Amino acid sequence: MGANNEDYTKYLKQGWKILILVSIILATIVASIIFVLEESSVVIFLGFFISLLISNYINLYMVYKFVVNPIIDELKQQKKQYSMDGLTGVCRREVFEERRMFYQTECSSLGILFVDVNNLKKINDTYGHYAGDELIIEVANSIKELREECSNVDFFRVGGDEFIIVIKNETEAICQRISKLLNRKINGIQLKTVPEYKVEAAIGLAFSHNKIIVSELLEKADAEMYRNKNSMKSAK
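What counts, and where the lines are drawn
Residues numbered from 1 in each chain as written. Predicted model: local features only at pLDDT ≥ 70, side-chain atom pairs only at ≥ 80, totals over all residues. Heavy atoms only, no water. Helix = DSSP H or I, 4+ residues; strand = E, 2+ residues; numbered from the N terminus. Buried < 20%, exposed > 50% of the residue type's maximum accessible area, 1.4 Å probe, protein only. Contact = heavy atoms within 4.5 Å. Areas by Shrake-Rupley, 256 points an atom, 1.4 Å probe, with all protein chains shown as cover. Pairing = 2+ DSSP bridges. Axes fitted to C-alpha atoms, helices over the stretch in contact; angles between N-to-C directions. Left-handed = near helix turned anticlockwise from the far one by under 90°. Nonpolar A, V, L, I, M, F, W, Y, C, P; charged D, E, K, R; others polar. Expected span 1.5 Å × (residues − 1). Bend = angle between axes of the 7 residues up to and from the residue.

Asker: Describe in detail the overall build of the protein, supporting the description with residues and values.
Answerer: Tallying secondary structure elements over the protein gives seven helices and five strands in all. Starting at the N terminus, the α and β elements of the protein follow one another as α-α-β-α-β-α-α-β-β-α-β-α. Per-residue burial over the protein gives 37% buried out of 236 residues. For the protein, restricting intrachain contacts to residue pairs at least 6 apart in sequence, the fraction spanning at least 24 positions comes to 69%. Surface summary for the protein: the accessible area is close to 14400 Å², and the carbon and sulfur share equals 57%.

Asker: Break down the sheet that holds strand β2 (residues 110-117) for me, citing the residues and quoting the values.
Answerer: Strand order in this open sheet of five strands is β1-β3-β4-β2-β5, and the pairing throughout is mixed. Of all the strands in the sheet, the pair left with one neighbour each is β1 (91-92) and β5 (201-208). Pairing of strand β3 (residues 153-157) with strand β4 (residues 162-168) involves five bridges; the strand directions are antiparallel. Bridge pairing in β4 links phenylalanine 155 to isoleucine 165.

Asker: Got a sec to walk through the packing of helix α5 (residues 129-144) against helix α6 (residues 172-187)? Specific residues and values, please.
Answerer: It is at 9 Å that the axes of α5 and α6 come closest, and there the two elements cross at 145°. The chirality of how α5 crosses α6 is right-handed. Together, Val139, Ser142 and Ile143 of α5 and Leu182, Lys185 and Ile186 of α6 make up the contact between the two elements. For the contact of α5 with α6, the class distribution of residues is four nonpolar, one polar and one charged.

Asker: I'd like to hear about helix α3 (residues 93-106), residue by residue, with values.
Answerer: Taking 1.5 Å per residue, 14 residues should reach 20 Å; α3 reaches 20 Å between its end C-alpha atoms and fits that length. If you look at α3, its biggest bend is around 40°, right at arginine 99.

Structure representation (structure tokens):
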């Protein structure tokens, strides 16, 4: 949950209390110096001017540390909560939607993998949601490991059992290799809660190196994924 108005009010009150205290202390020091020296108005003016500079510097530092910095930290936490899927630690659909234009305008080529984990509902109904959560987490971990193969990879959880993987500025051959690697990784998953269950996912790949339109690539990858899913069902 994000910070509310009461939290920000608390930070501001703390900051202003510190500013007032520092100002009183500095004013007392300046007055003491003037009283002791009893020098000309030039000395008094210089003392006041220097103390003012010091006071402003300290005040700015205090405002940043006790008022601005806590708010910045809270906003960062809010952004992290908004962008990351709580179960898997990968980015959510909203982040993918925000990056669409970047992919279309800044990438020289783009590959999209659409991943659909098989039988999540069956796992949940048969073995419980703890087993279903483990299934999704393990698939997400396999997807994260793709960064070891290719650094130009982004990944998103876009549904309960669906992931999108975006491969930027790579060849179609590399995208196909990543797709096959991911399929092997997912097939090799062994669940602790259900060791006998064979983990599977249908994967569809779409690639473009000319005019990149993300919506078209998504449609192609989705269609390819469903073809593969139907082939897997027919083979059983």
